[in-house]
Amino acid sequence: MAELTVVGKPITRVDVEEKVTGQAIYGYDLVLPDMLYGKVLFSPKPHARIKRIDTEKAKKYPGVHAVITGKDAPWTHGESIKDKPFLAQGKVRYIGEPVAAVAAEDEDTAQAAVRLIEVEYEDLPAYFSPEEARKPGAVAIHEDFSSYRKMDFIVGGPTPNICEHFKLRTGDVELGFRESDLALEERYSVPIIQHAAMEPHSAHAQVDPESGRVTIWVANDAPFRALHEITEALGLPKEKIRLINPLQGGGFGSKGGLKVEPIAIALAFHTKGRPVRVKFNREETFISTLTRHEAVVYIKSGVKKDGTLLARQMTLYWGAGAYAEKSPTVCIRGSLPAPGPYRIPHVKVDGYAVYTNKPVAGSFRGYGIPQGAWACEQHTDELAQRLGIDRLEFRLKNVFVDGDLSYWGEQLHNVGLKETLIKAAEAIEWGKKDEGLKGSRDKGIKGSSVKRGKGLACISKPTRTPTTSAAGVLVNSKGEVTVLAGTVEIGQGCNTILSQVAAEELKVPIEKVHMAPLDTDVIPFDASTTSSRSTYHMGNAVRRAAIDAREKLAEMAGPMLEARKVDLNFSDGKIYLKDHPEMNLPFGEVIRRKLGTDGVLQGDASYTYEIGKDLDLETGHSDHASAFYMYATQAAEVTVDEETGRVRLLCMSAAHDVGKAINPLNCAAQIEGGLAMGIGSALHEEMVIDSQGKVRNPSFLDYHLVTSLDVPKMIPIIVECPEPEGPYGAKGLGEPGLAPTPAAIGNAVADALETRIYDLPLTPERVYWAIQKKKGKQSGLGY
């Protein structure tokens, strides 16, 4: 490979100026001409039949242009399972479900009209945990489930509320347990948490009264997937739907699929061509958009005395909430690697996505990996400790290495996991004897209440496979380059990465590269900005498109320079003769001579991981389940005050195998941001839902996010184990950043206290009572 001039360099983000100066316009900021304002009536019931809706008073309220209910919007949508109505139809399934909507001249008028809508409900049995909802005698939350349109990979469960059952079968776990010297079985749980993106949800929609064409302005992380879901729901050809993506103020998975879009679209069909904006406030975003899955995980492992893992059995119950959304694929992609990145000959996994009467759960950064890792990595620590083996050495003995056959049947290559383990552990001085804490309350002082511990956790994560990304690269008569790519800038830095790729291949200054605004009428297809797939898939597409543009430029320039293509080279936005660099032409001049002053040259390309194969529905096996795998290890050092239960982080290291760092500065920022999110989910975050299904903390006043006071010294470590198919060897990075964090912290807390806590978050109260329970056992007292 030729020496890289742009790729691999810590270039400042290309969008930094417009964002830090406040020039950037986000979806939440957007105001359209002659716009109406939408507001929503949400269900106050967790599960109930709608006996009557009276909207007459709302319709007569001055300034109101439309009042609609499910009867006015008789459509349903859904990615894997088409189960969710635009507005509630016949019944409600969670507190916060949209029941009716109003469009008016201003927000106050719309909200006043919403309060005039009268609804009569008939209560139905409600279920607030996946274990409760999955029981055979439970009332079906979706009584028409059998008639829903479902993707081919959906496997229903044995009871009414299971919307997906994932199975992984390798070897014979019972034989493995019989041959083991130690078998250990435990239960872990992870609560519902919020994405807490800086920008809440909003959508604008307009229906052209003459053509019937629907235009939606929304910050959606998968506009082409949303377009497909909308066309399927409305029964319209895709040419009748247009999505325009304004800037997105963060999403972390919450802004994929359809959330506010259906309400805006439904209202727009009743506003005679005027656009409608539906904008949720923070509380509405909490209760009525998306959450991360709660999970209950049962895990049993068998191991030999020397630390060799023989068998692992896991059962995972994923709380889907009231509608399937992405629960089936989270269940599949989260359950598949849940046994951890280890060589295990006997594995059995059952993952169940279960409907409940809670807010809808869906994609969240990590896509199910954090829940499985919380259980698996603590359980792995416990095995090592019971065998008297160092926890790092136990992992090094069992982790995946190049050439291993995974327990899902795929031979693994380009595995940088062992290097991440070693480097993350070294960064926190793993194995170094603790010299105690500075200050009076030292671990070495008899009777001190402050204990110190270290922990680590490692993960592997697949990417969504197979998928396709297409791209275009334009060069105009000024020598400026425009990249057409459907990857959405959600804060992760994709515009910078893709600009670097284009600049690298065309050999132009990065200042000359621009990203085109995202509009499905203009931009070529991209599957989604999810699953840490964009650098790999779209990076490959942009690279190929830039090479296509470069080849076309060379063909144009050859006759002008009286040279063959093979005799030409590119540098600094110019084409020159290899042997006579003084003989050169700027790109712009080549375009003007050949295509005129308004001429534009376009390179096009796409990328698909062609050999990707779906998992077998009975065994969970595939010999090419993922285009690439991401590997990471994080390590934590903590102190725990036994008198208060407070956990204080001293240091966290995070070593991530990125394949090739296209932009090391951006990689470090992704790792640090992931650590911060992971710390929040480990120590503070929980969306509290009471026994009636109501969210009790739907604001940042009561929902505790991580702050600068909670963040310790962070040590991001970039490991580069190149993936040959990736652009310049790159893999992905965004999602694994928070996946091992809670488990690493949990293991450090267990190391400090010599007792394990099985449920998140590690709040002072939970830690305190775990300490008291341990003391009660030691003294013979019960707590």
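Everything that follows concerns the structure shown earlier in this document.
Everything in this summary refers to the structure shown in the same document. Quick caveat: nothing in here was measured; it's all calculated off a predicted structure. (Residues numbered from 1 in each chain as written. Predicted model: local features only at pLDDT ≥ 70, side-chain atom pairs only at ≥ 80, totals over all residues. Heavy atoms only, no water.)

## A word on the packing of aromatic side chains
Here the distance between the centres and the angle between the planes together describe a pair of aromatic rings.
Part 1: Summed over the entire model, instances satisfying the criterion amount to 21 aromatic pairs.
Part 2: Ring centres of Phe42 and Phe280 lie 5.6 Å apart, and the angle between their planes is 75°; this geometry places the pair in the edge-to-face category. Here Phe42, found in strand β1 (residues 36-42), pairs with Phe280, found in the loop between β14 (276-279) and α8 (282-288); they are 238 residues apart in sequence, far enough to count as distant. Both residues of the pair, Phe42 and Phe280, belong to the buried class. (Phe/Tyr/Trp six-rings, centres within 6.5 Å; stacked < 30°, edge-to-face > 60°. Helix = DSSP H or I, 4+ residues; strand = E, 2+ residues; numbered from the N terminus. Buried < 20%, exposed > 50% of the residue type's maximum accessible area, 1.4 Å probe, protein only.)

## Some details on the pairing of strand β18 (residues 346-355)
Part 1: Among the ten residues of β18, nine are classified as buried, and the element is accordingly described as predominantly covered.
Part 2: Where strand β9 (residues 162-170) and β18 come together, eight bridges link them in antiparallel fashion. Its bridge partner being in β18, Phe166 is matched across the sheet by Gly351.
Part 3: As judged from the ten bridges shared by strand β17 (residues 309-321) and β18, these two strands associate in the parallel manner. Bridge pairing in β18 links Gly321 to Tyr355.
Part 4: Between the parallel pair β17 and β18, the chain is carried across by helix α9 (residues 327-335), and the sense of this crossover is right-handed. (Pairing = 2+ DSSP bridges. Right-handed = clockwise from strand over helix to strand, strands pointing away.)

## Thoughts on the environment of Ala324
Part 1: Mapping Ala324 onto the fold places it in the loop between β17 and α9.
Part 2: Along the primary structure Ala324 and Tyr355 are separated by 31 residues, whereas in three dimensions their C-alpha atoms are 7.1 Å apart.

## Focus on the sheet that holds strand β13 (residues 241-245)
The strands making up a sheet associate through hydrogen bonds between their backbones, and the pairing can be parallel or antiparallel.
Part 1: Strand order in this open sheet of eight strands is β3-β7-β1-β14-β11-β12-β13-β24, and the pairing throughout is mixed. In this open sheet, the two strands that pair with only one neighbour each are β3 (64-69) and β24 (518-519).
Part 2: Here β1 pairs with strand β7 (residues 98-104) via six bridges, running antiparallel. In the sheet register, Gly38 faces β7, and the bridge partner there is Ala103.
Part 3: Against the sheet, helix α3 (residues 107-114) touches β1, β3, β7 and β14, its axis set at about 30° to β1.
Part 4: Those strands touched by helix α6 (residues 223-234) are β12 (214-217), β13 and β24, and its axis lies near 150° from that of β13. (Contact = heavy atoms within 4.5 Å. Axes fitted to C-alpha atoms, helices over the stretch in contact; angles between N-to-C directions.)

## Considering the pattern of salt bridges
Part 1: This model, assessed by the stated rule, comprises 50 salt bridges.
Part 2: Note that Lys19 is salt-bridged to Asp15, the shortest N-O span being 3.0 Å.
Part 3: The exposure class of Lys19 is partly exposed, given its relative accessible area of 25%.
Part 4: Its salt-bridge partner being Arg696, residue Asp690 comes within 3.2 Å of it at the nearest N-O pair.
Part 5: Overlapping salt bridges, with partners in common, bring together Lys51, Arg52, Lys57, Glu118 and Glu120 in one network. (Salt bridge = Lys/Arg side-chain N within 4 Å of Asp/Glu carboxyl O.)

Interpretation note: all reported values are geometric properties and have no functional meaning in isolation.
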